[in-house]
Amino acid sequence: MRYVVISNLITSSRRARHQLLSKLQPPPASERRPRKDHTGFIMILLTISFGIAVYLMA
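Every value quoted in this text rests on a predicted model; they were computed, and no experiment measured them.

(A) How the structure looks around the overall build of the chain. Assigned secondary structure in the chain consists of two helices and zero strands. Over its C-alpha atoms the chain spans a radius of gyration of 28 Å, topping by over 25% the 10 Å that the globule rule assigns to 58 residues. With the C-alpha coordinates aligned to their principal axes, the bounding extent of the chain is approximately 90 × 25 × 10 Å. For the chain, buried positions account for 0% of its 58 residues. Total accessible area computed for the chain in this model is approximately 6300 Å², and 66% of it derives from carbon and sulfur atoms.

(B) Molecular detail of a nonpolar patch on the surface. Taken together, the side chains of Phe-41, Ile-42, Met-43, Leu-45 and Leu-46 make up a nonpolar region of the molecular surface, amounting to roughly 520 Å² of accessible area. Tracing the backbone through its elements, the reader meets Met-43 in helix α2 (residues 39–57). For Met-43, a relative accessible area of 48% translates into the label partly exposed.

(C) Structural view of the environment of Arg-35. Positionally, Arg-35 belongs in the loop between α1 (2–24) and α2. By relative accessible area, Arg-35 is classed as exposed at 78%. Separated by 16 residues in the primary sequence, Arg-35 and Gly-51 have C-alpha atoms spaced 29 Å apart.

Calculation criteria
Residues numbered from 1 in each chain as written. Predicted model: local features only at pLDDT ≥ 70, side-chain atom pairs only at ≥ 80, totals over all residues. Heavy atoms only, no water. Helix = DSSP H or I, 4+ residues; strand = E, 2+ residues; numbered from the N terminus. Rg over C-alpha atoms; globule rule 2.2 N^0.38 Å. Buried < 20%, exposed > 50% of the residue type's maximum accessible area, 1.4 Å probe, protein only. Areas by Shrake-Rupley, 256 points an atom, 1.4 Å probe, with all protein chains shown as cover. Patch = residues over 30% accessible without salt bridge, like charges linked within 9 Å, V, L, I, M, F, W, Y side chains within 5 Å. Salt bridge = Lys/Arg side-chain N within 4 Å of Asp/Glu carboxyl O.

In structure tokens form, the structure reads like this:
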């Protein structure tokens, strides 16, 4: 009975360790992650800078 309990504990700890290590691994280089679109943010910055330039020239 003890052997079965110890064997189950060892097996479950191996599985838990494997799952933890697989979560900590970085994604493979061949897998491309989607890039965030920053177009709106850049347009807002351009608009603000254009508005400041117009204000300073007036």
